Amino acid sequence: MSVKKAGVLGATGSVGQRFILLLANHPDFEIAALGASSRSAGKKYIDAVTWKQTELLPEIAEDIIVSECTAENFADCDIVFSGLDADYAGSIEKAFVEAGLAVVSNAKNYRREVDVPLVVPIVNPEHLLVIEKKIEIAKAAGEKKPGFIICISNCSTAGLVAPLKPLVDSFGPLDALTTTTLQAISGAGFSPGVSGIDVLDNIVPYIGGEEDKMEWETKKILGGVNAEGTEFKPLTDDELKVSAQCNRVAVSDGHTECISFRFAKRPAPSVEEVKQVLRDYVCDASKLGCHSAPKQAIHVLEAQDRPQPRLDRNRDRGYGVSVGRIRADPVLDFKMVVLSHNTIIGAAGSGILIAEILKSKNMI
Ligand SMILES: NC(=O)C1=CN([C@@H]2O[C@H](COP(=O)(O)OP(=O)(O)OC[C@H]3O[C@@H](n4cnc5c(N)ncnc54)[C@H](OP(=O)(O)O)[C@@H]3O)[C@@H](O)[C@H]2O)C=CC1
Ligand SMILES: N[C@@H](CC(=O)OP(=O)(O)O)C(=O)O
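How each quantity is defined
Residues numbered from 1 in each chain as written. Chains lettered and ligands numbered in written order. Predicted model: local features only at pLDDT ≥ 70, side-chain atom pairs only at ≥ 80, totals over all residues. Heavy atoms only, no water. UniProt positions renumbered as here; feature names shortened; annotations may be inferred. Helix = DSSP H or I, 4+ residues; strand = E, 2+ residues; numbered from the N terminus. Rg over C-alpha atoms; globule rule 2.2 N^0.38 Å. Buried < 20%, exposed > 50% of the residue type's maximum accessible area, 1.4 Å probe, protein only. Areas by Shrake-Rupley, 256 points an atom, 1.4 Å probe, with all protein chains shown as cover. Lys, Arg positive; Asp, Glu negative; His and termini not counted. Charge placed at Lys NZ, Arg CZ, Asp CG, Glu CD. Salt bridge = Lys/Arg side-chain N within 4 Å of Asp/Glu carboxyl O. Contact = heavy atoms within 4.5 Å. Polar contact = N/O pair within 3.5 Å; in protein donor to acceptor, adjacent residues only side chain to side chain.

An unreviewed UniProt entry lists the chain under the name Aspartate-semialdehyde dehydrogenase, from Scheffersomyces spartinae. Taken directly from UniProt, the Catalytic activity (unreviewed entry) text for the chain runs: "L-aspartate 4-semialdehyde + phosphate + NADP(+) = 4-phospho-L-aspartate + NADPH + H(+)".

A. Structural view of the overall build of the chain. On a plain count of helices and strands, the chain comes out with 12 helices and 15 strands. For a compact globule of 364 residues, the expected C-alpha radius of gyration is about 21 Å, and the chain comes in at 20 Å, within 12% of that figure. The principal-axis extent of the C-alpha atoms belonging to the chain is close to 60 × 55 × 35 Å. For the chain, buried positions account for 55% of its 364 residues. A total accessible area of about 15800 Å² is found for the chain, and carbon and sulfur atoms account for 50% of it. Charge centroids of the chain, computed over 40 positive and 48 negative side chains, lie 2 Å from each other.

B. Looking closely at the UniProt feature "domain: Semialdehyde dehydrogenase NAD-binding" (unreviewed entry) in the chain. Per the UniProt record, "domain: Semialdehyde dehydrogenase NAD-binding" (unreviewed entry) is found at residues 5-131. Secondary structure over residues 5-131 splits into 27% helix and 19% strand, and the C-alpha atoms at its two ends are 20 Å apart.

C. Summary view of the pattern of salt bridges. A full pass over the atoms with the stated rule returns 20 salt bridges. For the salt bridge of R112 with D212, the shortest nitrogen-to-oxygen distance reads 3.0 Å. Within this pair, whereas R112 is found in the loop between strand 5 (102-105) and strand 6 (118-119), its partner D212 is found in helix 8 (residues 210-221), the two being separated by 100 residues in sequence. Accessibility expressed as a relative area gives 44% for D212, which makes it partly exposed. For the salt bridge of R279 with E272, the shortest nitrogen-to-oxygen distance reads 3.2 Å. Given a relative accessible area of 30%, R279 falls into the partly exposed group.

D. Layout of the UniProt feature "active site" (unreviewed entry) in the chain. With numbering matched to this structure, UniProt assigns "active site" (unreviewed entry) to C155 and H255. Taken along the chain, the residues just named run across 101 residues; in space they keep tight, none of their C-alpha pairs more than 8.0 Å apart. The topology assignment puts C155 in helix 6 (residues 155-171). Using a relative accessible area of 13% as the deciding quantity, one classes C155 as buried. When residues no more than four places from it in sequence are discounted, the contact partners of C155 are E210, H255, S340, N342 and G346. By secondary structure assignment, the location of H255 is in strand 12 (residues 255-263). Classification of H255 by relative accessible area gives buried; the value is 0%. Excluding residues within four positions of it along the chain, H255 makes contact with C155, S156, L182, Q183, A184, G187, R248, V338, L339, S340 and N342. Separated by 2.9 Å, the side chain of H255 and the backbone nitrogen of A184 make a polar contact.

Okay, here's the thing in structure tokens:
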């Protein structure tokens with residue numbers, strides 16, 4: 001199979017650095033172009049980036065010259081990953097799509113568009129069908145392959161929906177869901193990021209916009225598509241009530257969430273049935289044989305004091321989500337603790353896995 005050329009926008013940031021790590025030595029992709037702000041453009045990547053990962057900067061990326069984020073500079077790319085600051089992602093990503101490029105974005109800007117898939121690839125890859133349809137329609141009309149954008153969800157939303165989607169598929173819809181998050185500092189990005197004095201010996205009980213994103217995005221991901229297969233139909237507030245409270249804690253990577261939820265149908269399943277469905281879950285990316293797919297998308301942990309970020313965030317190289325303390329909830333049906341790696345399955349890793357799925361379906 002041919003190796004596809006990949007570009008990374010926002011390559012110097014928290015998510016961008018993770019993309020570099022995941023793309024270095026990837027069998028399906030080679031890094032063809034890197035972009036960031038004009039502060040970085042024109043410099044070698046090693047000089048432009050302030051590397052903050054615990055793994056060393058891959059040699060393969062060191063000497064690549066960082067470009068301005070224009071579509072012309074990325075014209076050769078089969079796929080462009082975006083880890084752009086959301087203040088700039090909107091216009092840049094739009095120009096890339098208009099130039100016919102395939103964009104997979106971590107930024108929030110287009111997540112709510114009716115025809116843009118919001119995808120957590122271990123959960124709802126079927127939402128990519130809307131793009132497959134767009135490509136088919138253009139092909140049937142004798143037009144060239146259209147540009148498109150696929151959005152990755154907010155990182156906390158990714159962890160939330162990962163165990164819930166298999167449960168909904170097995171036991172029917174949820175009607176109520178609450179989550180309280182404990183979010184890592186890498187989630188706040190690097191420019192400027194969270195300051196040490198704010199987070200050390202402290203918890204900050206506010207992350208701007210996060211609660212609204214989690215409450216809305218969950219309904220799109222757990223929702224459906226219209227009969228034509230062209231537009232998404234998020235669940236309504238009447239169908240599912242979601243309440244999120246978000247906190248920043250002094251953890252480097254890995255978002256923890258304490259969640260409670262209720263199924264619409266009575267009687268609810270048993271705790272053992274819930275655990276069994278999660279243990280048995282095999283995501284489509286694994287079935288397709290995608291290189292980065294987790295062996296086990298959901299890890300059910302039985303120890304009373306797990307999951308913990310430092311011990312569990314790297315399960316299945318950060319593509320696996322850990323779920324522990326699954327038990328009955330006296331208010332809703334169940335409660336559990338979920339841990340997901342915010343820059344891997346919550347961001348860059350999901351981007352890579354989406355691209356692997358696109359490649360396996362000849363969509364790029
Ligand atoms: N961190 C996380 O866990 C998650 C982040 N996201 C989203 O991903 C995106 C990136 O986040 P994160 O990596 O944390 O952010 P960072 O602040 O760490 O990085 C931002 C990137 O955007 C670039 N940039 C800034 N201004 C411009 C500009 N005017 N033109 C072009 N590039 C520019 C920066 O380049 P330079 O270095 O040159 O300034 C840098 O590469 C955001 O939209 C964020 O909301 C989504 C899910 C999880
Ligand atoms: N806000 C998230 C990361 C993020 O940037 O989310 P979004 O892509 O939804 O803006 C966090 O702080 O952990």
